[in-house]
Amino acid sequence: PLLISHIVPMSLLLATALTVTMLSSRRELIGMRACGVSVARALLPVLLIAGLVTPAYFLLNEEVVPKTNALANQVKNREIKNRAPIFGPLSRMIWYQAGSRVYQAEQLDLQSGEAKEISIYNLGADGLPVERIDARAARRLGKGQWELIDPHRIEISNFGFRETPSETRIQLGEAPTETLDTKMLGVRDLARQIRETERNGYDATIYKVDFHVKLAAPLACLALPAVALFFAIGGPPFPGPALTLLVSCVVGIGQILLTGVCASLGYGGFLPPFVAGWLPIASVAILAGFFAMRGYA
């Protein structure tokens, strides 16, 4: 199902391009124009089929793909790599960043919410630490509050280091349960995860970007065929089959690359999550509108 979800938009794009190029090579597009039949109206069933596939594609990504991805990951870890699920303390170094804070703990119990040998770094505007709090252990109290055991606070400035008293209670948010793979989450699950992450005081930028990417993805099933269709009927003279196929491939690959680049910029905070998710499909829609206006100019 994951592979199917990747190839459905490109399949619709290439199917549209091939259909129109076959009509063009047989001079049927010119025949339609000569008989006074609008080419766009004659090829309207192509867009209707793409429009029917769009909600089905959304349901595929929402209901089927996340479940099969989770099942595949379970088979991979348990059957292939022979890894047992971790329920107890993690005896390895743990790093976690949320906003302007970086947390590091040598051990974290996911069930009881207890951490050992924890260090909290507060970062300045330049990304460098301005304060560090060390504690022998930390215990979750609830509602994002933690109690630090034997805390020591050190302020960092241009004048050096200065040890100051530290509060024993601090707002850190809930303990992260595990690293979530958004391939196993649908749009509804991502929206729920965003609310929980923000309620616990953590940064949900990555989840927001993936939310908008998943929400915009089904529209590619309609926008990509529209580009191929309106480009191919922009005549007479109509573009040749080779040119139509070449443009379709360039647009399809460009949309995939632009989606990846925008998502990466969104993860890094260089683009708002909404823009990172919707910019690629909006660019394809604008291109389709340009070809449509050119065909009727």
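As the structure is a prediction and not an experimental result, all values here were calculated from the model.

Draft legend 1. Quick look at the side chain of Asn122. Tracing the chain through its elements places Asn122 in strand β3 (residues 114-123). Among residues more than four places away in sequence, those in contact with Asn122 are Ser100, Arg101, Leu128, Pro129, Val130 and Glu131.

Draft legend 2. Local environment of the pattern of salt bridges. Applying the stated criterion to the full structure yields eight salt bridges. Two residues, Glu131 and Arg153, come together in a salt bridge whose shortest N-O distance is 2.5 Å. With a gap of 22 residues between them, Glu131 in strand β4 (residues 129-142) and Arg153 in strand β6 (residues 152-157) connect regions that are remote in the sequence. Each of Glu131, Arg153, Glu155 and Arg162 takes part in a single network of salt bridges with overlapping partners.

Draft legend 3. Broad picture of the packing of aromatic side chains. Under the defined criterion, the tally for this structure stands at three aromatic pairs. Here the aromatic rings of Phe290 and Phe291 are separated by 5.7 Å at their centres, their planes lie at 50°, and the arrangement is tilted. Taken together, the ring pairs in this structure connect Phe231, Phe290 and Phe291 into an aromatic cluster.

Draft legend 4. Region of the structure containing the nonpolar core. Counting 29 residues, the largest nonpolar core has Val20, Leu29, Leu43, Phe230 and Ile233 as its most contacted members. Elements with a minimum of two residues in this core: α1 (2-25), α2 (28-34), α7 (220-232) and α9 (273-295). Looking at which element gives the most residues to this core, the answer is α7, with 10 residues. Within the second largest apolar cluster, 11 residues are counted, among which are Ala105, Ala135, Leu148 and Ile170.

Draft legend 5. Quick peek at the environment of Thr168. In this fold, Thr168 is placed in the loop between β7 (160-164) and β8 (169-171). It is 5.6 Å that separates the C-alpha atoms of Thr168 and Glu147, two residues lying 21 residues apart in sequence. Filtering out sequence-adjacent residues up to four positions away, Thr168 remains in contact with Trp146, Glu147, Leu148 and Pro151.

Draft legend 6. Main features of unusual backbone geometry. Positive phi values are uncommon outside glycine, yet Arg27 reaches one of about 65°. Here Arg27 is to be found in the loop between α1 and α2. Its identity as a non-glycine residue notwithstanding, Glu117 has a phi of 50°, on the positive side. Inspection of the secondary structure assignment puts Glu117 in strand β3.

Draft legend 7. Examining the packing of α1 against helix α4 (residues 44-80) more closely. Running from N to C, α1 and α4 cross one another at 170°; their axes reach a closest spacing of 8 Å. As far as their axial angle goes, α4 and α1 are roughly antiparallel. Contact residues: Leu2, Ile4, Ser5, Val8, Pro9, Leu12 and Thr16 in α1; Val46, Val53, Tyr57, Leu60, Asn61, Val65 and Asn69 in α4. By residue class, the composition of the contact of α1 with α4 is 10 nonpolar, four polar and no charged.

Draft legend 8. The arrangement of a nonpolar patch on the surface in detail. There is a patch of nonpolar side chains on the surface, built from Leu71, Val75 and Ile80 and spanning about 300 Å² of accessible area. Along the chain, the position of Val75 falls in helix α4. On the basis of relative accessibility, which here comes to 38%, the residue Val75 falls in the partly exposed class.

Draft legend 9. Representation of the pairing of β6 within the structure. Both β6 and β7 contribute to a ladder of five bridges, which runs antiparallel. Of the residues in β7, the one forming a bridge with Ser157 is Gly160. Taken together, β6 and the strand that follows it, β7, pair antiparallel across an intervening segment of two residues.

Draft legend 10. Summary view of the confidence of the model for the chain. Summing up the model confidence of the chain, the mean pLDDT is 82 and the portion of residues at 70 or higher is 86%. In the model, residues 86-91 has pLDDT below 50 throughout and makes 10 contacts with residues more than four positions away in sequence or in other chains.

Draft legend 11. Focus on the packing of α1 against helix α8 (residues 241-267). It is at 9 Å that the axes of α1 and α8 come closest, and there the two elements cross at 165°. Taken together, the axes of α1 and α8 lie roughly antiparallel to each other. For the element pair α1 and α8, the recorded crossing hand is right-handed. Judged by residue contacts, Met10, Leu13, Leu14, Ala17, Leu18, Thr21 and Ser25 of α1 engage Pro241, Thr244, Leu245, Ser248, Cys249, Gly252 and Ile256 from α8. Class assignment for the residues of the contact of α1 with α8 results in nine nonpolar, five polar and no charged.

Draft legend 12. Inspection of α1 at higher detail. For α1, spanning 24 residues, the distance from its first C-alpha to its last is 35 Å, which sits close to the expected 34 Å at 1.5 Å a residue. In the structure, α1 departs most strongly from a straight axis at Val8, where the bend amounts to approximately 35° and where the proline Pro9 lies between one and four residues downstream. Every buried residue of α1 is accounted for by Ser5, Val8, Pro9, Met10, Leu12, Leu13, Thr16, Ala17, Val20, Thr21, Leu23 and Ser24. For α1, the secondary structure elements touched by its buried residues are α2, α4, α7 and α8. Arg27 lies just past α1 and shows a positive phi near 65°.

What counts and what doesn't
- Residues numbered from 1 in each chain as written.
- Predicted model: local features only at pLDDT ≥ 70, side-chain atom pairs only at ≥ 80, totals over all residues.
- Heavy atoms only, no water.
- Helix = DSSP H or I, 4+ residues; strand = E, 2+ residues; numbered from the N terminus.
- Contact = heavy atoms within 4.5 Å.
- Salt bridge = Lys/Arg side-chain N within 4 Å of Asp/Glu carboxyl O.
- Phe/Tyr/Trp six-rings, centres within 6.5 Å; stacked < 30°, edge-to-face > 60°.
- Core = buried A, V, L, I, M, F, W, Y, C linked by side-chain atoms within 4.5 Å.
- Buried < 20%, exposed > 50% of the residue type's maximum accessible area, 1.4 Å probe, protein only.
- Axes fitted to C-alpha atoms, helices over the stretch in contact; angles between N-to-C directions.
- Parallel < 35°, antiparallel > 145°, perpendicular 65-115°, else oblique.
- Nonpolar A, V, L, I, M, F, W, Y, C, P; charged D, E, K, R; others polar.
- Patch = residues over 30% accessible without salt bridge, like charges linked within 9 Å, V, L, I, M, F, W, Y side chains within 5 Å.
- Areas by Shrake-Rupley, 256 points an atom, 1.4 Å probe, with all protein chains shown as cover.
- Pairing = 2+ DSSP bridges.
- pLDDT = per-residue confidence, 0-100.
- Left-handed = near helix turned anticlockwise from the far one by under 90°.
- Expected span 1.5 Å × (residues − 1).
- Bend = angle between axes of the 7 residues up to and from the residue.

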